[in-house]
Amino acid sequence: MKILVINCGSSSLKYQVLDMTTEEVLCKGIVERIGIEGSFIGHEKIGLEKKKTLIPMEDHKDAIAQVLKAVQDEEYGVVKSLDEIGAVGHRVVHAGEKYADSVIIDDSVIKALEECTELAPLHNPPNLAGIAACRQLMPNTPMVGVFDTAFHQSMPPESYIYALPYEYYTKYGIRRYGFHGTSHKYVAEKAAEVLNVELEDLKLITCHLGNGASVSAIKRGKCIDTSMGFTPLEGLVMGTRSGDIDPAIVSFIANKEGITHEEANEILNKKSGVLGISGVSSDFRDLETAVADGDERAILALKVFAHKVRFYIGAYMAEMNGCDAIIFTAGVGENDIMMRELICHDLGNIGIKIDPLKNKVKGKLTMISDEGAKIKVILIPTNEELMIARDTLKLVKGK
Ligand code: ADP
């Protein structure tokens, strides 16, 4: 079966068509500047060169229409007609407490996701717009929703309840939800495969370190804790997000700077993290160039980032009473040799030791732990699109 995977943002949309008999990607692309002057579609049929077409697109329906046109193109397409696409898998950011797994989308699912919009006001509306457009243009094709929050729904209450007045949880749904669930689940399954051990028998710590970053504790295949919370702001230091801070700082900054709480929140989301500390960049490649030039604040930013990852690794080892493997994934986790070294430095006493030679690798599945170390450390490139396509296939097949 061929499956179309759609990841719809507010002004951009990423897509892939996969052939699920081989799990091969047939084509992929991105639509950018939806509803903005200069919108275009960048499409790539695997094996051919990328093709960029400038075309006005007013909304998500226009964008999806262009995607469907591209995938059926005589030269660059991968299907003759849309009937060849057996199902569409949609990435949706927030499903609140409503779904602990992916689901086939019907009207009741749409309603449930609309109810979650308050929890993800920037993300769920474009996700829903993409689903609505696809349902209109492919009315007979089953659609599946795959949620960033779903994998973390297995967390026990002690992991997700904030120590706030309890009615804020019951009245407003204020609790920890966690994000990047599709990635954490994918690398956990892959780790079980690589280690040749059932997921059921493993304790894993998965570190998704990208521009956004989170760590999860996965025991017997179930997430029992994760570092992101009510929003993706909690937890690790990130490219531009602060991660954990004393909550009193928000109103303190607002008072001192004469700004609103919303503006302070914006600073925590967009001007903090390694960008905020270094004043250089949110991109770790730029930071490492600055470090090579002796930039003190860039050095500090990387140290603070590594410190927080180590902090969570230690906490999750305590929560799970040990750990069999630590997984590094996403942009920084997969490519940043120096950061992996900084994170794993001097942890031999708790069983973590990486082999500096094996660690000299980027973007390739590799066991980087020292032969003699108790805990395996594995670099696993993430593949959220494949995970979405797998979940979609599983649900559609079962129909
Ligand atoms: P997101 O999906 O959250 O946007 P990614 O997982 O794609 O993020 O990660 C992007 C980040 O990965 C970049 O901002 C950069 O900091 C980091 N990165 C990518 N390639 C490298 C590299 N070769 N060395 C160090 N860091 C890298």
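Located above this text is the structure these notes cover.
Residues numbered from 1 in each chain as written. Predicted model: local features only at pLDDT ≥ 70, side-chain atom pairs only at ≥ 80, totals over all residues. Heavy atoms only, no water.

So what's going on with the layout of surface pockets? Residues and values would help.
Size it by volume and the second largest pocket reaches roughly 250 Å³. Of all the secondary structure elements, the ones that give two or more residues to the lining of the second largest pocket are β8 (143-147), α6 (181-195) and α14 (384-397). The element that contributes the greatest number of residues to the lining of the second largest pocket is α6, accounting for four residues. (1 Å grid on protein atoms, 1.4 Å probe; cavity = no way out; pocket = protein on both sides within 12 Å on 5 of 7 lines; lining within 4 Å. Points joined across faces, edges and corners; volume = space filled by probe spheres on them. Helix = DSSP H or I, 4+ residues; strand = E, 2+ residues; numbered from the N terminus.)

Can you explain a nonpolar patch on the surface? Please cite residues and give values.
Residues L164, Y168 and Y172 make up a contiguous nonpolar surface patch of about 300 Å² in total accessible area. On the secondary structure map, Y172 appears in helix α5 (residues 167-172). Y172 gets classed as partly exposed once you look at its relative accessible area, which sits at 48%. (Patch = residues over 30% accessible without salt bridge, like charges linked within 9 Å, V, L, I, M, F, W, Y side chains within 5 Å. Areas by Shrake-Rupley, 256 points an atom, 1.4 Å probe, with all protein chains shown as cover. Salt bridge = Lys/Arg side-chain N within 4 Å of Asp/Glu carboxyl O. Buried < 20%, exposed > 50% of the residue type's maximum accessible area, 1.4 Å probe, protein only.)

Help me get a handle on the pattern of salt bridges, residues and values and all.
In the structure shown here, the tally under the stated rule is 17 salt bridges. A salt bridge links D148 to R91; the shortest N-O distance between them is 2.6 Å. One end of the pair, D148, is in the loop between β8 and α4 (157-160); the other, R91, is in strand β6 (residues 85-92), and 57 residues separate them in sequence. Look at D148 and you get buried, because its relative accessible area is 3%. For R91, a relative accessible area of 22% translates into the label partly exposed. Residue E234 is joined to R176 by a salt bridge in which the shortest nitrogen-to-oxygen separation is 3.1 Å.

Please provide a residue-by-residue account of the environment of K171, values included.
Tracing the sequence through the fold places K171 in helix α5. A relative accessible area of 54% means that K171 is categorised as exposed.

Any chance you could break down the site of the ligand for me, citing the residues and the numbers?
Lining the immediate environment of the ligand, one finds G210, N211, G212, D283, F284, R285, A330, G331, V332, N335, D336 and K362. Here an oxygen atom of the ligand and a backbone polar atom of N211 are 3.1 Å apart. Interatomic distance of 3.3 Å between a backbone N/O atom of G212 and an oxygen atom of the ligand. When isolated, the ligand has an accessible area of 580 Å², and the protein chains bury 68% of it. Those elements that provide at least two residues to the shell around the ligand are α10 (284-292) and α12 (330-335). Of the residues forming the shell around the ligand, the biggest block, four residues, is contributed by α12. In the shell around the ligand, the residues fall into three nonpolar, five polar and four charged. (Near = heavy atom within 4 Å. Polar contact = N/O pair within 3.5 Å; in protein donor to acceptor, adjacent residues only side chain to side chain. Nonpolar A, V, L, I, M, F, W, Y, C, P; charged D, E, K, R; others polar.)

How would you summarise the pairing of strand β14 (residues 376-379) if you had to cite specific residues and measurements?
Sheet analysis places strand β12 (residues 325-329) next to β14, joined by four bridges and oriented parallel. Considered in β14, the bridge of A325 is made with K376. Bridging between strand β13 (residues 366-367) and β14 involves two bridges; their strand directions are antiparallel. Of the residues in β14, the one forming a bridge with T366 is L379. (Pairing = 2+ DSSP bridges.)

Describe in detail a negative patch on the surface, supporting the description with residues and values.
A cluster of acidic residues, E198, E200, D201 and D324, forms a negative patch at the surface. Considering the arrangement of structural elements, one finds D324 in the loop between α11 (296-320) and β12. (Lys, Arg positive; Asp, Glu negative; His and termini not counted. Charge placed at Lys NZ, Arg CZ, Asp CG, Glu CD.)

Account for the sheet that holds β12, with residues named and values stated.
Spatial strand order, β11-β10-β9-β12-β14-β13: six strands in an open sheet with mixed pairing. Lying at the two open borders of the sheet, with one neighbouring strand each, are β11 (222-226) and β13. Direction of pairing for strand β10 (residues 213-219) relative to β11: antiparallel, over a ladder of four bridges. Bridge pairing in β11 places I218 opposite C223.

Now, about the sheet that holds strand β7 (residues 103-104): what can you tell me, with residues and values included?
Strand order across the open sheet formed by eight strands is β5-β4-β3-β2-β1-β6-β8-β7, with mixed pairing between neighbours. Pairing within the sheet leaves two strands with one partner each, and these edge strands are β5 (51-54) and β7. Examined bridge by bridge, strand β2 (residues 13-19) and strand β3 (residues 24-32) share seven bridges and lie antiparallel to one another. Among the inter-strand pairings, Q16 is bridged to a residue of β3, identified as K28. Contacting β1 (2-8), β6 and β8, helix α3 (residues 124-137) runs over the sheet at an angle of about 165 degrees to β6. (Contact = heavy atoms within 4.5 Å. Axes fitted to C-alpha atoms, helices over the stretch in contact; angles between N-to-C directions.)

Go over the packing of α11 against helix α13 (residues 337-344), please, and point to the residues and values.
One can describe the packing of α11 onto α13 by two numbers: an axis separation of 8 Å at closest approach and a directional angle of 50 degrees. Compared by their axis directions, α11 and α13 come out oblique. α11 and α13 meet at a crossing whose hand is right-handed. Within the contact between the two elements, α11 uses L302, F305, A306, V309, R310 and I313 and α13 uses M338, M339, L342, I343 and C344. Split into classes, the residues belonging to the contact of α11 with α13 amount to 10 nonpolar, no polar and one charged. (Parallel < 35°, antiparallel > 145°, perpendicular 65-115°, else oblique. Left-handed = near helix turned anticlockwise from the far one by under 90°.)

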